[in-house]
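Structure assessment
Each chain is listed here by its residues.
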4 protein chains.
Amino acid sequence: MRIGIVGLGRMGGNIARRLLAHDHQCVVFDANASAVEVLASEGAQGVDSLEGLVRALPAPRSIWLMLPAGEITQATIDVLSGLLEAGDTLIDGGNAYFKDDVRRGEALAEQGISYLDVGVSGGVWGLDRGFCMMIGGDREVFERHDPIFASLAPGEGQVEKTPAREERDPRVAQGYLYCGPVGSGHFVKMIHNGIEYGMMQAYAEGFDILRNRNQESLPANQRYDLDTADIAEVWRRGSVVSSWLLDLISISLAKDSDLESFSGKVSDSGEGRWTVDAAIEESVPADVLTASLYTRFRSRTDNTYGEKLLSAMRKEFGGHVEV
Amino acid sequence: MRIGIVGLGRMGGNIARRLLAHDHQCVVFDANASAVEVLASEGAQGVDSLEGLVRALPAPRSIWLMLPAGEITQATIDVLSGLLEAGDTLIDGGNAYFKDDVRRGEALAEQGISYLDVGVSGGVWGLDRGFCMMIGGDREVFERHDPIFASLAPGEGQVEKTPAREERDPRVAQGYLYCGPVGSGHFVKMIHNGIEYGMMQAYAEGFDILRNRNQESLPANQRYDLDTADIAEVWRRGSVVSSWLLDLISISLAKDSDLESFSGKVSDSGEGRWTVDAAIEESVPADVLTASLYTRFRSRTDNTYGEKLLSAMRKEFGGHVEV
Amino acid sequence: MRIGIVGLGRMGGNIARRLLAHDHQCVVFDANASAVEVLASEGAQGVDSLEGLVRALPAPRSIWLMLPAGEITQATIDVLSGLLEAGDTLIDGGNAYFKDDVRRGEALAEQGISYLDVGVSGGVWGLDRGFCMMIGGDREVFERHDPIFASLAPGEGQVEKTPAREERDPRVAQGYLYCGPVGSGHFVKMIHNGIEYGMMQAYAEGFDILRNRNQESLPANQRYDLDTADIAEVWRRGSVVSSWLLDLISISLAKDSDLESFSGKVSDSGEGRWTVDAAIEESVPADVLTASLYTRFRSRTDNTYGEKLLSAMRKEFGGHVEV
Amino acid sequence: MRIGIVGLGRMGGNIARRLLAHDHQCVVFDANASAVEVLASEGAQGVDSLEGLVRALPAPRSIWLMLPAGEITQATIDVLSGLLEAGDTLIDGGNAYFKDDVRRGEALAEQGISYLDVGVSGGVWGLDRGFCMMIGGDREVFERHDPIFASLAPGEGQVEKTPAREERDPRVAQGYLYCGPVGSGHFVKMIHNGIEYGMMQAYAEGFDILRNRNQESLPANQRYDLDTADIAEVWRRGSVVSSWLLDLISISLAKDSDLESFSGKVSDSGEGRWTVDAAIEESVPADVLTASLYTRFRSRTDNTYGEKLLSAMRKEFGGHVEV
């Protein structure tokens, strides 16, 4: 297929590359001209404006947006919606909030423009491994873009077949799923990230307890100098906690099991927060996913006002002095 | 009554003072001779050894231990159990682990020595306000020491009468309670402290959110410069969250609403940890009490190994650099 | 002062009564005519429509809304904003979301109508105890309504004076506080409720652990039949966890310490959820306040899909059968 | 090697089978004679008593215990320690508490009997996949039993090689690790299980939020009927949350995405509890691992006393009736 791609950062560039490698034609644009040049040198057709992008695509057009933040995505859609025609399709592969998708999808539908929201997982590994995709929008529009998704997806690979799935859509096991109406793709991706936070925190706490088992204050015969790099590696084979994240932990700890190059101040992105919102909207308890988010908040601050207030209370009732 | 008191620190000294003020005779001992002298100057009979203490008390003796840590309490009991006779009573008013009480009580019972475990709440305010006491041991031994407990307890005070308690032991509303067999006094006190942790943390989080409402990143019309000292004070009257802890918060914030004299590194004592143990033993979920404990752990460390591991994973899968 | 009151439910009716008792003139309206009649029989001037209410008040008018839900409040404001004039004031004493206040305040300001948002705590006890109030809006508008707030507030009462507050607004210690611009009153009340959730949950967990100490599976000498009613009562005097909520617990347990009349399915209102939103907006960890909310969610459902999924995993990897 | 195996349940039987398949000689015993018979028919030498087992093994003997509970393990070790000689080795492959290992190891050492504690992960899949093993004890004893561990371990398999591990013990990447002194094997396995709880709970919460996205109360255009079976499957390829547990979720949901055969009452075993103990011992916050444990507690009870107390408070302060 011929497709336009807007946004050639870490993710967007690799999406273009993987599509090129599967013999699709990509017309690419980025605010950063040198990013366009690089992709042009790899076989894409570079353009220097959104107008140029629209002109370079025959109707009905398909344009994939892969932009880092919500404001830029919205601004880009605002411009494109003035340039596109009924029958064209916008695909947002970024990490949009699903309620924004719903609003955008409804606004574009009034102009006859189709909208697909695609949650994309795989990070920097996607170029080689393929991208796992969760897709929302009209089913018919999804089907029309199947060649794109099929090329981007990882395929079955070495992963063992799941029994009892013979009567289901075989594309799911290729790594892409049509989830439902507009917004559902990003909703599923959002929960994916929420789970990711929880899994990461589970490993983090476990390895923290392992690492701290050499504390002086512990009884000598219950104190161990454990090798976290080896532990991560051994769990990769045959254990219940094996996972891709564990593979990455093992890679990282093999390089530096002290993790000295990291400050421990951990960012969070919108998905973790929106997951908590969704849980609350549905009255579903999400203790672990929320605690994972809060741990990241705490990691980025010094001692909090709340903690100081604890000391203040302790001083007042017990005369405990903590300075 | 005539009673021995061992340990004249912040709590033990005030217990002696309150008993003296209620016309009890106190024979007092502390490893620190000057602490003994001070109390002697206030009307107590000072002694310079545990042997002296036992000699100065007519049988059947009653000795109240008010020692800061479990090891010292155990060592003192070990010595005293060699000096005391059948019919004597040991009272531990410290913060012992209830399982240690059970063990000690059984060992002392073999010698005919009675044991009461008394959980004492009230902190440095107890001298004036009186001490709230939760008492475990044989009921008959408790009854025999009623004059001591009656004097230490706060009494009904200004606190409003609870309806439907007419047929219950009126001493409960004086501030002291016979809880049950050995260990139950400290068990109830332990849970008291667990609840205390949870309440303190609830206030801490709430005031933290209030305080942070002036963040630059918030929309200007949803950003407030709130006066936490005034908020604490206003809640003291008529609100659902009024409490003695809130009174203390108000006192503290009136002095310095920035809490600049506190580092925010918050200690925890055994009770919070033992409360979690008890919850797990009983398979009772205790999310809030446990989270309160963990917050204190976190307050005392720099960024954790676990947090660094989160950054390490983020770097591996997403190329995110957090240093 | 002469004031209109809309909404004569549990809270609104008592606000009218307390104002009448302090010699204010109340013009009252409720969709339920019999509620109007009752108040009229107690000295208020009843009206049968919002139009009638506005007619019965001389300009500049002040109207206090005390309505149960956001939709009704909004609908009422929509009608009233068509009837009121520049210089009039609307006061919302309900539990509105502070962001709705901001929006409403800005819309009304365009018409020259003032808006105060008043967070009111005190529940059904407010008629006698007085209401604790947190007030947002223009300071000048707040000052103009001071007589109303002074009458509704509890006053200093028996509560001990906080030191170091001599140079502060003495009205705070009467139980009402001007918090800041529109929205800040409900913001502070929202956090008040968030803290309330946390404190309630701290007590709930503690009493749960006390109650379950009689489990058969525990060692006989570490098993206690604790009297939770007496424990609540004894903690009211001299302990660190004394609070008004504890007073209520004691009242409730004295009537029925088994709590057999309760199912344990616990509602939550908007404030608990909005508190979590605010924490996330500010990147402030709120572990305890959030866990308290989730506990209520869980209390209202049977076993969750998530829990079934845990069993499903356990069956797959370990052959554990849980049906 | 020639090795004795005590305990032929789900795990022990498969361990014997896998050793037999790798040409080791197994002398097997179980309290259940028919379990012995089955293994005997598969090539093991069956015996009908621990005495028989010891007689059937030439010194220095190696006996692997694979028993379901701590009491039985202890009782068996008590008997065996009376039968074995200096130079023999006991291997405990069950899920013992590491502090019990330390105690046992020290007691056996006094008799000259060696002790290895082996944490074994892999569940019912171990026969085919191999068992992941974490091993504590003297390094020399571990080395002597290397042939056993090498046969039980999964081997490198299809799992991708981790870079930067060239200079490390290659056996780790085979799936078995010498962790350190006695107790460290079970300590690492305990943390493994703690992490497992956290990961399972992360998935459980995420799938719960997905499943509940079809609630009537949600806005129609933000409500989705999501297919959890397909979502699990699609995440297996290329996503960040792929794992062996997710493979199992996909298997389970493909069979019945409603999970109707499960009650949702979820058991927990000692490891989850001990992990919390270890975290507290080390003052390491473990919010997620602990919340995962508490969720299981809650899943097994009806509404708690604590929840009823919440309703009781709400009734007292707000007149809210929840029955």
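Residues numbered from 1 in each chain as written. Chains lettered and ligands numbered in written order. Predicted model: local features only at pLDDT ≥ 70, side-chain atom pairs only at ≥ 80, totals over all residues. Heavy atoms only, no water.

Here we come to the overall build of chain A. Helix and strand content of chain A: 14 helices and eight strands. A principal-axis box enclosing the C-alpha atoms of chain A has dimensions of 75 × 50 × 45 Å. Classification of the 323 residues of chain A by burial places 64% in the buried group. Counted over contacts in chain A with a minimum sequence separation of 6, partners at least 24 positions apart contribute 64%. (Helix = DSSP H or I, 4+ residues; strand = E, 2+ residues; numbered from the N terminus. Buried < 20%, exposed > 50% of the residue type's maximum accessible area, 1.4 Å probe, protein only. Contact = heavy atoms within 4.5 Å.)

Looking at the element boundaries, Leu293 of chain C is found in helix H13 (residues 287-299). For the pair formed by Leu293 of chain C and Glu140 of chain C, sequence separation is 153 residues and the distance between their alpha carbons is 37 Å. Discounting residues that sit within four places of it in the chain, Leu293 of chain C has contacts with Ile280 of chain A together with Tyr197, Asp268, Gly272, Arg273 and Val276 of chain C.

Turning to helix H1 (residues 10-21) of chain B, a few remarks are in order. Residue and element names in this part refer to chain B. In this model, H1 (twelve residues) spans 17 Å end to end at C-alpha, consistent with the 16 Å of a helix rising 1.5 Å per residue. Of all the residues in H1, the buried ones are Gly12, Gly13, Asn14, Ile15, Ala16, Arg18, Leu19 and Leu20. Buried residues along H1 sit in contact with strand S1 (2-6), strand S2 (25-29), helix H2 (33-41), strand S4 (62-65), helix H6 (126-129) and helix H8 (146-152). (Expected span 1.5 Å × (residues − 1).)

With 92 residues of chain A at the interface, the matching set in chain D holds 93 residues. Between Arg165 of chain A and Asp230 of chain D there is a salt bridge, and its shortest N-O distance comes to 2.9 Å. The interface formed by chain A and chain D includes 45 residue pairs in polar contact (both at pLDDT 80 or more). Residue assignment for the side of chain A that touches chain D shows that the elements contributing at least two residues are helix H5 (98-110), strand S7 (132-136), strand S8 (176-180), helix H9 (184-211), helix H10 (228-235), helix H11 (244-255), helix H12 (270-281) and helix H13 (287-299) of chain A. Per-element accounting of the side of chain A that touches chain D gives the leading share, 17 residues, to H9 of chain A. Within the side of chain A that touches chain D, the residues separate by chemical class into 46 nonpolar, 25 polar and 21 charged. (Salt bridge = Lys/Arg side-chain N within 4 Å of Asp/Glu carboxyl O. Polar contact = N/O pair within 3.5 Å; in protein donor to acceptor, adjacent residues only side chain to side chain. Nonpolar A, V, L, I, M, F, W, Y, C, P; charged D, E, K, R; others polar.)

Next up on the list: the sheet that holds strand S6 (residues 114-121) of chain C. Residue and element names in this part refer to chain C. Strand order in the open sheet made by the eight strands is S3-S2-S1-S4-S5-S6-S7-S8, with mixed pairing throughout. Of all the strands in the sheet, the pair left with one neighbour each is strand S3 (45-46) and strand S8 (176-180). Judged from the two bridges that link them, strand S2 (residues 25-29) and S3 form a sheet pairing that is parallel. From the neighbouring strand, Val27 faces S3, where its bridge partner is Gln45. (Pairing = 2+ DSSP bridges.)

A separate point is the domain arrangement of chain A. Residues and elements named next belong to chain A. With domains assigned, chain A is organised as domain 1 (2-181) and domain 2 (189-226 + 263-305). In this structure, domain 1 and domain 2 have C-alpha centres spaced 32 Å apart. With nine residues of domain 1 at the interface, the matching set in domain 2 holds seven residues. Both sides together, the interface formed by domain 1 and domain 2 hides about 700 Å², and carbon and sulfur atoms give 59% of it. Contact with domain 2 buries area across many residues of domain 1, yet Asn95, Tyr97 and Met134 alone supply 58% of it, more than any other trio. Here Glu281 makes a salt bridge to Lys99, at a shortest N to O gap of 2.4 Å. Here domain 1 and domain 2 share four residue pairs in polar contact (both at pLDDT 80 or more) between them. Looking at the side of domain 1 that touches domain 2, the elements with two or more residues in it are H5 and strand S6 (114-121). Within the side of domain 1 that touches domain 2, the residues separate by chemical class into five nonpolar, three polar and one charged. (Domains from an automatic or database assignment. Buried area = accessible area lost by both parts, 1.4 Å probe.)

Before going further, it helps to examine the interface of chain B and chain D. Residue-level contacts link 20 residues of chain B with 20 residues of chain D. With both chains or domains summed, chain B and chain D bury close to 1600 Å², and 67% of this area falls on carbon and sulfur atoms. For the interface between chain B and chain D, the tally reads zero salt bridges. Put simply, chain B and chain D have six residue pairs in polar contact (both at pLDDT 80 or more) between them. Elements supplying a minimum of two residues to the side of chain B that touches chain D: helix H12 (270-282) and helix H13 (287-299) of chain B. With seven residues, the top contributor of residues to the side of chain B that touches chain D is H13 of chain B. Of the residues in the side of chain B that touches chain D, the class split is twelve nonpolar, two polar and six charged.

This paragraph deals with the packing of aromatic side chains. Counting across every chain of the model gives 52 aromatic pairs over all chains. Ring geometry for Phe142 of chain C versus Phe149 of chain C: centroids 5.8 Å apart, planes at 25 degrees, classification stacked. By relative accessible area, which is 1% here, Phe142 of chain C ends up buried. Owing to a relative accessible area of 0%, Phe149 of chain C belongs among the buried residues under this scheme. Taken together, Trp64, Phe142, Phe149, Tyr176 and Tyr178 of chain A form an aromatic cluster joined through their ring pairs. The ring of Tyr197 of chain B carries Arg296 of chain B above its face, with NZ or CZ at 3.8 Å from the centroid. (Phe/Tyr/Trp six-rings, centres within 6.5 Å; stacked < 30°, edge-to-face > 60°. Lys NZ or Arg CZ within 6 Å of the ring centre and 35° of its normal.)

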